[in-house]
Amino acid sequence: MTDFDYEALGMKAGIEIHQQLNTKEKLFSYTPAIIRDSSKHNGEVRRFLRVATSEMGDVDRAAKEEAMQARLFTYYTYDTTDLVEIDEQPPAPLNPDALHLVLMIAKMFHMTPLPQIHPMRKMIVDGSATSGFQRTALVALNGEIDKICRIETVAIEEDACQRVADQVFSVDRLGIPLIEITTTPCMKTPEQVHDVAQYIGMTLRSTGRVKRGLGTIRQDVNVSIRDGARVEIKGVQELDLIAEVVRREVQRQLSLLAIKDELIARSARVNGDVYDVTSVFVKTQSQILKKAKTILGTVLYGFAGLVGMEIQPGRRLGSEMADYAKKCGVSGLFHTDELPAYGVTKKEVAILKETLGACQNDAVIIIAATEQKCQCAMQMIVRRAKMAMEGVPEETRKMLQGGCTAYMRPLSGAARMYPETDLLPVPVTPEYWASIATPELLTDKTERFAAEYGLDAGMAHQIAFSEKLSLFERAVAEGIRPVFVARTIFASLKELSRAGISPETIPDDSVIAVMKAVEAGHAAKEAVSEILSACIRGMTLDEAIAAVAPAFSREELRVLIRGIVAERVDYIKSRGNAALGPVMGVVMKEVRGRIDGKIVSEVLDEELRRIV
Amino acid sequence: MTFSNNNPVNVAFAGLELHGTCISDINGNVLVKLSSGYNICVPTSLCTQAPERAVPPAVHEAEPLKQDANLPLLAIISTGGTIASTVDYRTGAVSSKSTVEDIIKSIPELAGIARYRTLQPFNILSENMNPAMWQKLTRAVYDEIVAGVGGVIVTHGTDTMLYSAAAVSFMLETPVPVIFVGAQRSADRPSSDNVMNAICSMKAGVSDLGEVVVCMHATTDDVACSLHRATRVRKNHTSRRDAFQSIGRTPVGTVSYPEGTVTLEDDAVVRGTYGLRLFDRLEMHCGLLQYYPGMNPDVLDAFSGYTGLVIAGTGLGHVNTDSIAKVAALTAAGTFVVMTSQCQSGEVCDRVYETGRDLLAAGVIEGGSMLPEVALVKLMWVLGNTTRREDAVRMMQTNLKGEFDHDLWRGRGE
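Please read these numbers as outputs of a predicted model, since none were measured by experiment.

A. How the structure looks around the domain arrangement of chain B. Examined at the domain level, chain B breaks down into domain 1 (8-49), domain 2 (73-278) and domain 3 (286-413). Put simply, the middle of domain 1 of chain B and the middle of domain 3 of chain B, counted by C-alpha atoms, are 59 Å apart.

Spelled out as structure tokens, the structure:
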């Protein structure tokens, strides 16, 4: 893919980061904030969602479009689900632990907290919230990201349900506390978007209190270029993809602008007339068209070749139109830029174009479904075709695999926010704000580990960003040598993991006890993983040490070495100092894991000196 | 400086200049809706008046309402429930709608079910209902039926809906269905039960039913409403959609959703079984007392001078031995005392234990399986219609409107 001069294109990007907080309970209920296995659900609730009009007669356009079809949603519930989660009970007060975390993070970005937290309802009728809204509240304003960008707002929110299938959702994720961090549109290149997202992610992880793993952090990216439009891309889960998503969005907006110019040059037009063309396909071999009750067609005058033009890898203007049509429940569309294909013959295409009076320069779109769905879908297609003549529409889009995006809904406006009347405002006093301690940034920790503990830069970074960071810090605080702790975490625990024992299942206490035993000379550091493995099988630490590697004293070692040396006197005499290595190998074979290799080397050296 | 509602304001906060609209200015704090939609609350001193923005007033075309002349006519009587509501997204306030236009605009599906007449005798929270309002409501229902409607829908707050429904049930003999309907979850939420309950109630209103019922969600799912007999229903949950449950019997009918198919039980009273008659007298000087262990018998003194008193006793219908003398004093002074039970189901029987027999001797009347709150409403109605004790006893012990959970009492009482 060609890379662009983004700054010259006037690219602007901002990001919204949603990170799950690692609290015990949910944001507005006392149930555990954990993800469940959806196959283990023990109940189902069925609900319709409906958009209520506001006093001003305003309905949020995004909400309205989501509610276009009356859909019955199914919600999976669990033995950990309560009535708040299925919208049968008013919410519990805002989880103070979650608020504390959000305030802590706000403080890390040097923000100003609001004196009162006012929970709001943000209308979402795509089915992902049982109530039809997501509770959210602004917590702090105006922060700084490492001097490169600013943060507009930090909000506390509840997470939404996870979609299990089309209209089936699981309520386990609903209500897990999230922090939402919104930057200003301060990023000018895709790489800056990546760097800012990475920095924010690092800051969040520095608290040690955010959830980890896929799906626990989601980035939304807002991108626009000059003459383009603001497009919000939802749900980028992998940091590595974020720059690619931005690049492809810029490419898409540029392509749409080029299409617009071409359409104007061709005096293209869309009159919105829709015709029933079912009769054209009565004898068709196309499986899709054969089954359809109704086939409708419309002509896009002057659009030939442009509907099929690629605007993102694998996506065309026709894909954009299909996204809009899908809102009406159809599975897709056919356009003449891609026909004949899918069983539609050249002859059928000719008849179709002739029937509709379409010329060579025109494109024809057809939709096959029920009459009602076809009509609805055609309206959406006509709408999208008209937008093509104006350039880039403002949209909310979802990410597809690889970094392309598809249309989701119009941008949501302020009309979808209204107060959560079931909750009281929560005060944040200056005293409380002052009392909130902020943790050391992981990047600062990395530097400190290298400087104070003599870890090499790579190891220091690995430890600081590892899930075993707290084990490391505790062990070091308890007096164990940092280099040894780091090696235990990255070598011994990895050995266990290779042997099928997940390091998460090993209690920190056990690891620390084993390391202390090594430091005290009761076991050799080479035996750490074997001792731990024995502990996991149920042995006490002493039993494990005795069974795996009874410690070997210096005197016992010397006796053993003398024996080995005595058998090889000639060899040693002939090789001189060079004999150390091979003989060391023989000794280690006998004592590995029972005494420190360094001691072996010392004693062996002394013994060899006596001979050579 | 103070700010008034709806004024555009600028807020200097966190080194930023924020723009929004003032929602309220109370005690030195201004609640501002930011242009992002979020509300923030900041000290008044941080706010300045912003220049008035020229926003053209939103014009919403009032579409002329078309009612299909071929459909049956229903009356919708609103008492302040939130069945059809709109939300002020600025303040979050929900206002209930009572004109046909407003209701049909909120719930367009209703236009395909019936034609409507609407009236709103009062607009209150249901906890503020009282017996005088039950009378006013019953007369309104009566007038609508006289005017020729084929069914009456009463929208009502859920807290005291069962009292009002029971009251209408006793005061009115009706040839057509009278459906009480409400919502448990606020009307502003896209998940509210108000729309489904409303649609189901209208469907019930044009059905074959001929009695007073409460129409609410059957389960937590949006798949069916139950039609509960007005004298055998209770609000059994503070917040759930399916809070209303028939006690000691099954619902008299169900309405499927979204199909709207009404299915009635064999013992449902059907349309036209009774003629239209109004008996709207109530003796309001009646009370209801929930007995509790260790209750000071002096509590009963509070009811001295009352015409009637329903006691919700323990188990089979008991109060402690110490209270019996006070009960006897009440009845001796002319208060009509009815014993009911705190148990959810079952009948009172004061002949099993000595305390019970003492209560009977003290002049207490057994209330059978009547729910205590229904017994209270009935007692008001009975004492409003007769002053002769033996008539009152007979009426209280006769199953008049299905208030007993089985029919055996009818034969024995008459």
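B. Spotlight on the nonpolar core. Core analysis: the biggest nonpolar cluster contains 132 residues, and I15, I181, F303 and M321 of chain A have the highest contact counts within it. With sequence-adjacent residues up to four places away left out, I181 of chain A is seen in contact with I15, E16, I17, I105, F109, I151, T153, V154, I200 and L204 of chain A. By size, the runner-up hydrophobic cluster in this structure holds 56 residues, among which are I77, V152, I247 and M395 of chain B.

C. Highlighting the interface of chain B and chain A. Contacts between the two partners involve 51 residues from chain B, matched on the other side by 52 residues from chain A. At the boundary of chain B and chain A, one finds seven salt bridges. Ranked by residue count, the leading element in the side of chain B that touches chain A is strand β4 (residues 39-43) of chain B, at five residues. For the side of chain B that touches chain A, the class distribution of residues is 21 nonpolar, 17 polar and 13 charged.

D. Region of the structure containing the sheet that holds strand β22 (residues 336-341) of chain B. Residue and element names in this part refer to chain B. The strand order across the open sheet built from four strands is β20-β21-β22-β23, with neighbouring strands paired in parallel fashion. Each edge of the open sheet carries a strand with a single partner, namely β20 (286-290) and β23 (365-366). Relative to β22, strand β21 (residues 308-313) runs parallel, the two sharing six bridges. Along β22, the bridge assignment pairs L309 with V337. Those strands touched by helix α8 (residues 389-396) are β22 and β23, and its axis lies near 15° from that of β22.

E. Expanded view of the domain arrangement of chain A. As far as domains go, chain A holds domain 1 (12-263), domain 2 (269-387), domain 3 (442-548) and domain 4 (554-611). Distance from the C-alpha centre of domain 2 of chain A to the C-alpha centre of domain 3 of chain A: 63 Å.

F. Inspection of the sheet that holds strand β5 (residues 47-49) of chain B at higher detail. Residue and element names in this part refer to chain B. What the five strands build is an open sheet, ordered β4-β3-β2-β1-β5; its pairing is antiparallel. At either end of the open sheet lies a strand with only one pairing partner, and these are β4 and β5. Each neighbouring strand pair of the sheet contributes to a mean axis angle of 45°, computed without reference to strand direction. Relative to strand β2 (residues 16-26), strand β1 (residues 8-13) runs antiparallel, the two sharing six bridges. Residue pairing in the sheet places N10 in a bridge with H19 of β2.

G. Molecular detail of the pattern of salt bridges. The tally for this structure, following the rule as stated, stands at 64 salt bridges over all chains. With its nearest N and O atoms 4.0 Å apart, the salt bridge here joins E320 of chain A to R384 of chain A. Here the residue E320 of chain A occupies a position in helix α6 (residues 317-326), and R384 of chain A occupies one in helix α8 (residues 371-388), the gap between them amounting to 64 residues. The pair E320 of chain A / R384 of chain A is uniform in exposure class, with both members buried. If you follow the salt bridges from partner to partner, you end up with R47, D87, E88, R121, R135, E158, E420 and D422 of chain A together with R185, D188, R189 and R241 of chain B in one network.

H. Highlighting the packing of aromatic side chains. With the rule as written, the count across this model stands at 15 aromatic pairs over all chains. Between F4 of chain A and Y6 of chain A the ring centres are 5.9 Å apart and the planes differ by 90°, which places this aromatic pair in the edge-to-face class. With relative accessibility at 3%, the residue Y6 of chain A sits in the buried group. Ring geometry for W134 of chain B versus Y163 of chain B: centroids 6.4 Å apart, planes at 15°, classification stacked. On the criterion of sequence distance, the pair formed by W134 of chain B in helix α2 (residues 131-146) and Y163 of chain B in helix α3 (residues 161-171) is long-range, its members being 29 residues apart. Owing to a relative accessible area of 6%, W134 of chain B belongs among the buried residues under this scheme.

Conventions used here
Residues numbered from 1 in each chain as written. Chains lettered and ligands numbered in written order. Predicted model: local features only at pLDDT ≥ 70, side-chain atom pairs only at ≥ 80, totals over all residues. Heavy atoms only, no water. Domains from an automatic or database assignment. Core = buried A, V, L, I, M, F, W, Y, C linked by side-chain atoms within 4.5 Å. Buried < 20%, exposed > 50% of the residue type's maximum accessible area, 1.4 Å probe, protein only. Contact = heavy atoms within 4.5 Å. Salt bridge = Lys/Arg side-chain N within 4 Å of Asp/Glu carboxyl O. Helix = DSSP H or I, 4+ residues; strand = E, 2+ residues; numbered from the N terminus. Nonpolar A, V, L, I, M, F, W, Y, C, P; charged D, E, K, R; others polar. Pairing = 2+ DSSP bridges. Axes fitted to C-alpha atoms, helices over the stretch in contact; angles between N-to-C directions. Phe/Tyr/Trp six-rings, centres within 6.5 Å; stacked < 30°, edge-to-face > 60°.

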